[in-house]
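Results of the structural survey
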Amino acid sequence: MNKQRSCKLLWHFDRTFGNSKKWFRQFIWLFSIIFLTISLFSIVGYLLFINNSISTAEGVNESVNEGVLNIQQRTIGMILRSNGIDLDSKLPFAWQVILVFVGTFLVSGFVITYLGNLLRTRLGSYRNGATRYKFKNHILFLGGSKMILPMIKELYKKEKYRNLDFVVLTEIEPREVRRQIGGFLTDEEKKHLKITVLRGNRDDRDTLKSVYIEKTSRIYIVGENPFDSEHDSTNMESWNLAKELCSNRVGIPCFLVFNRASTAFIFHHMEEADNNSCLDTTIVNRLESVAQRVLVHNGNEKNDFPALDRGGIDKDSKRTVHFVLYGMTAISYALSTTAAHLCHFPNFIKRKEDGSWAENKELRTRITLIAPNIKEEMYFFTSHLNSLFNISKCNVYDSQWGHGDAPKSWNNKTTMDAIGDFLDIEWDFVDGNIADEKIRRLLKQYYEENKEGKAYLTLALCQKEADKNIAAALYLPTEFHTIEYKDEEKAEIDFEKTVPVFVFQPESEEMLKTANHEVKMFKNIFPFGSVKESYDPSIRSRISEGKRIHYIYNRARDYAFMTSDQDELDRQWREAKYADQMSNIYSASHIGVKLRSVNNREQLSEEDIQLLAITEHNRWNIEKLLMGFEALPKTERKKQYDRKGLEELKVLKNQFKHYCIEPYDELIPEDKIYDTIIVKNLGDIIQ
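Residues numbered from 1 in each chain as written. Predicted model: local features only at pLDDT ≥ 70, side-chain atom pairs only at ≥ 80, totals over all residues. Heavy atoms only, no water.

Counting secondary structure elements, the protein chain contains 27 helices and 20 strands. Scored against the burial criterion, the 687 residues of the protein chain give a buried share of 54%. Summarising the internal contacts of the protein chain: among those between residues at least 6 apart in sequence, 76% fall at separations of at least 24. When the accessible surface of the protein chain is totalled, it reaches about 32800 Å², and 51% of it is carbon and sulfur. (Helix = DSSP H or I, 4+ residues; strand = E, 2+ residues; numbered from the N terminus. Buried < 20%, exposed > 50% of the residue type's maximum accessible area, 1.4 Å probe, protein only. Contact = heavy atoms within 4.5 Å. Areas by Shrake-Rupley, 256 points an atom, 1.4 Å probe, with all protein chains shown as cover.)

Put into structure tokens, the structure is as follows:
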């Protein structure tokens, strides 16, 4: 029994000292051992020398009681001092030797060594992100991807976040994450920001509890390596755990990052944004975020990339946007679909003799995708966006295409005739290598159209390999390296004539950024797409604008003024479907295009309002098709003019079929009001 107890005692000792988190228990063990040892030797000394009289330094004999006290004092003193034999002491030499050895073991060998090990263990635990602290009202990043760097920097700009704790939970080496953060922030930011990097899995319940996720003020579920095949599923699991652990809270802002468009697409089909309303979730597709950072130009948002429509395309302009992308990759899909969301202009609209509005089909935006052996990727892309390409005008330049040959039409004529040809975006798919002479001739042709004022041309190089994109950029036809200036002394480039070239750099943008600043012929080359630069900070302002658009939509028939009650805006937003949330954010992204297309953005004329309302509907048509909604045949759409038929059509929206995907003039008055009310109240939206 005694042996069993001693083994259990040793087990508790080993478990306590083997766990760096149980430092307080280690102190209890340590001081218990010291106390028991000193007590034991004091008792032994008392029993051995109780009958002996000990002389003091003055040579006076003490009483027995004084002697006992003296023995205990000297015993404790020699153990704690442990610095040698006192030859003047009256204690026996052998006893002093024993006390010195015991003291040396306790103080020098045990206490000092233990304290040193404790400090080293504590430091190692901190460096490895194993130390846990108590947090409240903190900002929590789940994942150590480089994408968090601009997020931290952008949050620092807001005064209300500067004094909060920034907690990063990562599976990778915390010291590496700290190094990345330290290298990205300025000295001023590092001085004031309180950043803690902890190690752990973002999809583990106990780990999330240990970082007090239920007490956080904001959550960013970012993940680690975005190229990991399990990235999106792990983020999804982390999101589900966060909902469960935060179930007692309401409306915690949560940014959920996915790397694949297909994952984000799932959320578009969910009924409610958040069943428990505990998380106010915003879905961020990383590559779409990259595309928005490059292409969206709204209000006061800073964007170093030239806009696809440059200074704007008004109702009288004869120019169109021509966006050419080389490479059929995930980033080219993100760029082309984002351009399709944005490139809608009032010059596509013309008034007929009878006063109605029609499509100016020769002024469509054109998106051209070029790649070697393009057909396989083209079929994948078009089948994924089947609803859009069923009724989009498409041209295909196949491998047999030669100079001067007309492209092949790739439209399902039966479907097009049944639904109608009313979209303001058309697509080209070109089979060929950018080094081929026929592709170079085609690029020169596009350049001449830009020079002649027929189109605003923008080129994006989107191959997977960074070095191939750089090589392609450097060896473009010489015309693409011609730089025209508005003011050469100020190095202000005229992008009405100069063609901007966007170059995908998934790892680092530094080399081309340097070339852009230092080499004159590369002033029109803009790198983009690194993980570190993939977060679009302006998304937060567009979400705010999206919430106000949603509020206006809900009160379209009796809207008078924008509420100042942010809680009410947030509540209505949380109750909306994901598809509706994204629709409002996409609408907010287009505000800059609208305002650039009018002469007086401060005071819109009635004609401006009418044209921009039609433009908004044209944008909405493409948006709904991109999100997977199907357009209905003309014969089915006619039911909307009958009250009973209209109710039947509204039910179809739950099946992702929408009767309003049609020309503006076919809309019934109660549906036209939504486009008009948004345009009339742009000032309330961008406040």
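It is worth spelling out helix H9 (residues 231-245) at this point. Residues that lie three or four places apart on an α-helix share one face, since the helix turns once every 3.6 residues. The terminal C-alpha atoms of H9 lie 21 Å apart, and with 15 residues this matches the ideal 21 Å at 1.5 Å per residue to within 8%. Counting buried residues in H9 gives eleven out of 15 residues, a clear majority hidden from the surface. Taken together, the buried positions of H9 are occupied by His231, Asp232, Thr234, Asn235, Met236, Ser238, Trp239, Leu241, Ala242, Lys243 and Leu245. (Expected span 1.5 Å × (residues − 1).)

Bringing the environment of Leu308 into the picture now. With respect to the element layout, Leu308 can be found in the loop between helix H11 (286-295) and strand S7 (320-326). Look at Leu308 and you get buried, because its relative accessible area is 4%. Linking Leu308 and Val296, residues twelve residues apart in sequence, is a C-alpha distance of 9.0 Å.

Right, let's talk about the packing of aromatic side chains for a bit. Enumeration over the complete set of coordinates arrives at 19 aromatic pairs. When the ring of Phe389 is compared with that of Phe429, the centres are 6.0 Å apart and the planes differ by 50°; the resulting orientation is tilted. Of this pair, Phe389 sits in helix H14 (residues 386-389) while Phe429 sits in strand S13 (residues 425-431), and the two are 40 residues apart along the sequence. Under the relative-accessibility criterion, Phe389 is labelled buried at 4%. Of the residues examined, Phe429 reaches a relative accessible area of 0% and is grouped as buried. Measuring from ring centre to ring centre gives 5.9 Å for Phe495 and Phe526, while their planes differ by 50°; the resulting arrangement is tilted. Remark: Phe526 occurs in strand S18 (residues 525-528) and Phe495 occurs in the loop between strand S16 (492-493) and strand S17 (501-504); sequence separation between them is 31 residues. You'll find Phe495 and Phe526 in the same group, each marked buried. Put simply, the rings of Tyr333, Phe380, Phe381, Phe389, Trp427 and Phe429 touch in pairs and so form one group of aromatic residues. (Phe/Tyr/Trp six-rings, centres within 6.5 Å; stacked < 30°, edge-to-face > 60°.)

Of all hydrophobic cores here, the largest spans 127 residues; its most connected members are Phe141, Leu335, Trp427 and Phe429. Here this core takes nine residues from helix H23 (residues 606-626), the largest share from any one element. If sequence neighbours within four positions are ignored, Leu335 has contacts with Ala291, Leu295, Phe323, Leu325, Ala460, Cys462 and Phe528. Leu443, Tyr446, Leu461 and Leu476 belong to the second-largest nonpolar core, a separate cluster that totals 26 residues. (Core = buried A, V, L, I, M, F, W, Y, C linked by side-chain atoms within 4.5 Å.)

Considering every residue of the protein chain, the mean pLDDT works out to 84; 80% of them sit at 70 or more. Mean pLDDT across the elements of the protein chain ranges from a minimum in helix H1 (residues 2-17), with 55, to a maximum in S7, with 98. (pLDDT = per-residue confidence, 0-100.)

Moving on: the packing of helix H19 (residues 539-554) against helix H26 (residues 669-680). In contact at an axis separation of 10 Å, H19 and H26 are set at 135° when each is read in the N-to-C sense. Compared by their axis directions, H19 and H26 come out oblique. Viewed along their axes, H19 and H26 form a crossing whose handedness is right-handed. Here H19 contributes Ile549, Ile552 and Tyr553 to the contact with H26, which in turn contributes Tyr674, Asp675, Ile677 and Ile678. Of the residues contributing to the contact of H19 with H26, the split by class is six nonpolar, no polar and one charged. (Axes fitted to C-alpha atoms, helices over the stretch in contact; angles between N-to-C directions. Parallel < 35°, antiparallel > 145°, perpendicular 65-115°, else oblique. Left-handed = near helix turned anticlockwise from the far one by under 90°. Nonpolar A, V, L, I, M, F, W, Y, C, P; charged D, E, K, R; others polar.)

You can see Asn621 is positioned in helix H23. The residues touching Asn621, leaving out its near neighbours within four places in the chain, are Phe422, Leu423, Cys660, Ile661 and Glu662.

Attention now moves to helix H21 (residues 578-589). Under the 1.5 Å per step criterion, the end-to-end length of H21 is 17 Å for twelve residues, consistent within 8% with the ideal 16 Å. Counting buried residues in H21 gives eleven out of twelve residues, a clear majority hidden from the surface. Within H21, burial applies to Tyr578, Ala579, Gln581, Met582, Ser583, Asn584, Ile585, Tyr586, Ser587, Ala588 and Ser589.

Take the pattern of salt bridges next. Following the criterion strictly, the structure yields 33 salt bridges and no others. Put simply, Lys650 and Glu670 hold a salt bridge, and the shortest N to O gap is 3.7 Å. You can see Lys650 sitting in helix H25 (residues 643-651) and its partner Glu670 sitting in helix H26, a full 20 residues away along the chain. When salt bridges with common partners are traced through the structure, they connect Lys594, Glu616, Arg619, Glu623 and Lys624 into a single cluster. (Salt bridge = Lys/Arg side-chain N within 4 Å of Asp/Glu carboxyl O.)

Moving on: the pairing of S7. Within S7, seven of the seven residues are buried, leaving the element largely enclosed by the surrounding structure. In S7, alternate side chains face the same way, and those of Thr320, His322, Val324 and Tyr326 on one face and Val321, Phe323 and Leu325 on the other are all buried. In the sheet, S7 pairs with strand S14 (residues 455-461) via seven bridges, with the strands oriented parallel. Within S14, the residue paired with Val321 across the bridge is Tyr456. (Pairing = 2+ DSSP bridges.)

With that out of the way, let us pick up the sheet that holds strand S1 (residues 139-142). Consider a sheet: its strands pair through backbone hydrogen bonds, and that pairing is either parallel or antiparallel. Judged by pairing direction, the sheet is parallel, and its six strands sit side by side in the order S3-S2-S1-S4-S5-S6 without closing on themselves. With partners counted over all chains shown, the strands left at the sheet margins are strand S3 (194-199) and strand S6 (279-285), one partner each. Averaged over all pairs of adjacent strands, the angle between their axes in this sheet comes to 15°, without regard to strand direction. By the bridge criterion, seven bridges tie strand S5 (residues 252-258) to S6 in an arrangement that is parallel.

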